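Given next are the chains, with one letter for each unit.
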Amino acid sequence: MRHRHLSTLTLALGIAVLLDVLRVWLPSVITLFGRAAETPAELLGAFALGWFLLALAAPALVRRTGAAPVGLVAAVVLAAARLALTAQPGGPAQLWLACAGLLAGLVWLAATAASVPRPVAGLALGMAGNAVGHALLGTEDLVWRGGVLAWSLSALLVPAFLAASVAVRRERADTSAAGPSPTGAGHGTTGRRIRVPGRRAWLLCGPALLLAGQVALAPALWSAAAGTGSPAFPGLARPGSGALPGALAVLLFLAAALFRAPARVARVLWPLVLLAGSVLFVTGHLVPAYLLTAAGLGGCLALTDTTGDGPAAADDAAGPGDDGRAGARRGRAAALGMLVFAVATVAYYAAYDLGYPNGWAPVATAVLVALVAATAPLRPAPTAPDPTAPGAAAPGPVLPTTVRVAALAALTALAGLAAVLHIPPAPARATAAPAAVRVAAYNIRMGFGLDGRLDLDALARELRGADIVLLSEVDRGWWLNGGHDTLALLARRLEMPYVFAPAADPVWGDAVLSRFPARSGQTRRLTAHGAPTGAQALGVTLDLGGRELPVVATHLQPPPGRDPVEQAREVAAFAGRYAAGRPLVLGGDLNTEPADPAFAEFTGAGLVDALAPARPLRTSPADDPRTQIDHVFVSPGLTATEVRAPRTEASDHLPVTLTVTLP
C-alpha cells in the first residue's frame, strides 16, 4: 500500500474498530442503562441520542485545533476503549467505556472527514472487512469471546489502526512543512481553485453503517435467512449456513462501491435496487433483501465519489489548509450522518415500547441514501490537489485496479470460508421411544445477562441436559443487540438443532431446540390487542421414536396495564388444533401469573399446569424473583416431576426445567 493510499487504509481500520465498539454500545444502552418494561423509551432514546448530539461540536473543535491532533487523540481513546471492552467488564464500567469509545469514534470520524475528501473506498472496505470478521467469528465478536483468541486478534487490529493513524499524521505534518505552492494553490486568493469533494459521501457514512449492519452486511441475517421456506416448515427457519450467499453480498457490495458503473445508468439503477432491498427486508424476504441492499448500498456510495457536491462545491475549494471551511463542512456532514444513524436506530427500537410500525426506519434510511446518491453531480472523480499546499487534504485517490480486485477477492473468499468454519448442528436422529423427556423454558433476553454481557456459555450451562428447549426473546441478528445470531451460537454449544419463528420482526422471536427430529412445524402470528411488540405461537412436531409429541413455544405480549388474556385465548386454541388429540407441551414467557385471567385461558382449555407441584416458583426478575410469569403446560396424561427454577443471572428471567413422563 503506497503512502498516498494510507488514509484509505486508516479509515477502513478505524471503521472496523468503531463498529466493534458499536456492537457493545447498542446492547449496553438497552440492557444496562435501560431495563425492559421499566425504562421509558423516551429516556433511553434521549440518553442514546445525547452522545451523537454532543459529537456535533467536533467539527468546530477540529477547525480550531486542527484535524491531525484531534484525530490522533480521538483514535487513541477509541482504541483504548476497544481494548478495555475485550476484558468484558460488564455493568456500569462496560456502559461508560462503550460510551467513551463511541464519542471518541464520532470525533475521530469528524477529524478524518476534515482531511479525507475521498472516503468511499475506506468506508466500503471497513464495513465489508468488519462484516467478514464477524462472519468468521460466527457472529460472536472478539469483545464477547475473551481468552487468547480475542486478545491476540485485538492486539493485531487495534495497534494496526493506531500505527496507521500516527503515520497519516506524520505524512500530513511533512506535507504542511513543505510550504505553500508556488502557484498559490490552496490559499484561496490566487491561482486555480480546486473543488474538494466528500460532503455527500461523509453524509452517507451513518446511514450506510446502519443499512450495512442491519441488512446488507449482517452475517447473522445471512444465517437467519438460511433453512427457511421448506415444504414441511413454511415460513420457519431451521439450521442452515448462510455464509455462501453472504459471500455474494460482500462481492456485490464491494464491486458496486469500488468499480463505478456508467453514471447515468447508476444514478437510477442503484437507488432503485437499494429501495427494493429495504422493502424486502421489512416484508421478511431476507435473502433477496440483503443481496439487493448490498448491491444498492455499494452503488450509492460510489455515486457520491465525485468532484463536487453541487452548486456549493465552489465553497469547498481548498483554502489555507483544507481543515478550514471545506474540512469543517465535511466534518459536519459526517456528524449529521451519524446522527441519522442514531435517530433511525432509536426509532426502530422505540417502536417495541411505543407501538408504532418500525419498518419505515430502514426504508426511510434507504430513501435518504438513494436521494443523496441520485442527486450527486455527474462529474468524474477528482485528481489529487497540489500536495505542497499547506495542510492540503490527502484526497485518497482511487485505489489501483489490482488492489481493488485483490481486496474484493480476499474478502469474498473469507466470507465464504465462514460456511466451512461454522457448520450448523446436524439434524437430530430418531431414537427409541423414551419414557420421559427433560423440558426447559427460558426467556434468554437475546443472550445478555443482568451484567450486560453476552454470555452464551452461562445460558448453555443452564440448558445443558434438556431434551427439549423452548426459548423466548431469541435474537437472530438484531442490530440493536450488536447483530449476533444468538440462536445459532447457543445451538452449537448445546449441539441441538432448532426451529425458529419470527415475532416482533424477521430476526426476533421464539425457538424450539430438540434432541429429537422435528418432522413438521407451524406458526401463527397473534393479534396485538394494543400490545406494542409482536407475538406468535410456534408449533413443532417432534418424533420420539415413532411417537409424535407436539410442542408449542410462545411469548405473550400484554397491552399496557392489562393481562394478555386475548393472546392467551388465541394460543390455547392454536395449541389445541395443532395437537389434534396428541400429547402436548406448551411453554414460554406468558407474562401472566397463576391467579390472572390469561392463565385461566390455558387451564380452561384443558391443559395442566406442569409447574404446580413446585409453586410458588417465581421467575422474574432474575436477581430478585417476585413474579411467576414463565410457565409450562401439558396435556392430561403427562406427568411433570423434578420441577426447578435454578437461580442464575444469565438473563433477566430464570429458566424453568422439569421432567415430563409420557403416558
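The rules we used
Residues numbered from 1 in each chain as written. Predicted model: local features only at pLDDT ≥ 70, side-chain atom pairs only at ≥ 80, totals over all residues. Heavy atoms only, no water. Axes fitted to C-alpha atoms, helices over the stretch in contact; angles between N-to-C directions. Helix = DSSP H or I, 4+ residues; strand = E, 2+ residues; numbered from the N terminus. Left-handed = near helix turned anticlockwise from the far one by under 90°. Contact = heavy atoms within 4.5 Å. Nonpolar A, V, L, I, M, F, W, Y, C, P; charged D, E, K, R; others polar. Buried < 20%, exposed > 50% of the residue type's maximum accessible area, 1.4 Å probe, protein only. Arc of directions from axis to C-beta. Core = buried A, V, L, I, M, F, W, Y, C linked by side-chain atoms within 4.5 Å.

**Topic: the packing of helix 5 (residues 91-115) against helix 15 (residues 325-354)**
Then step 1. Packing of helix 5 against helix 15 brings their axes to within 7 Å, and their N-to-C directions diverge by 145°. When you trace helix 5 past helix 15, the crossing you get is right-handed. Contact residues: helix 5 offers L106, L109, A110, A113, A114 and S115, while helix 15 offers G327, R330, G331, A334 and M338.
Then step 2. Among the residues forming the contact of helix 5 with helix 15, the class breakdown is seven nonpolar, three polar and one charged.

**Observations regarding the environment of R238**
Then step 1. Inspection of the secondary structure assignment puts R238 in the loop between strand 2 (233-237) and helix 12 (243-258).
Then step 2. Exposure remark for R238: the relative accessible area of 29% places this residue in the partly exposed category.
Then step 3. Residues R238 and A225, 13 residues apart in the sequence, show an inter-C-alpha distance of 9.4 Å.

**Focus on helix 3 (residues 58-65)**
Then step 1. What helix 3 keeps buried is the set A58, P59 and V62. Take helix 3 and look down its axis: the buried residues cluster within an arc of 100°, on one side only. Exposed positions of helix 3 whose direction lies more than 90 degrees from the buried face are A60 and R64.
Then step 2. If you follow the buried residues of helix 3, they end up packed against helix 2 (41-54), helix 4 (67-85), helix 5 and helix 15.
Then step 3. Two residues or fewer after helix 3 comes G66, characterised by a positive phi angle close to 110°.

**Details of the nonpolar core**
Then step 1. With 155 residues, the main nonpolar core has W25, M127, W202, F253, L254, L471 and L513 as its most contacted residues.
Then step 2. Here the element with the most residues in this core is helix 1 (residues 6-33); it accounts for 14 residues.
Then step 3. The contact partners of W202, leaving out residues within four places of it in the chain, are L11, L109, T112, A113, V116, P119, L123, R330, A333 and A334.
Then step 4. Ranked by size, the runner-up nonpolar core spans 32 residues in total, among them A501, V512, L544 and A553.

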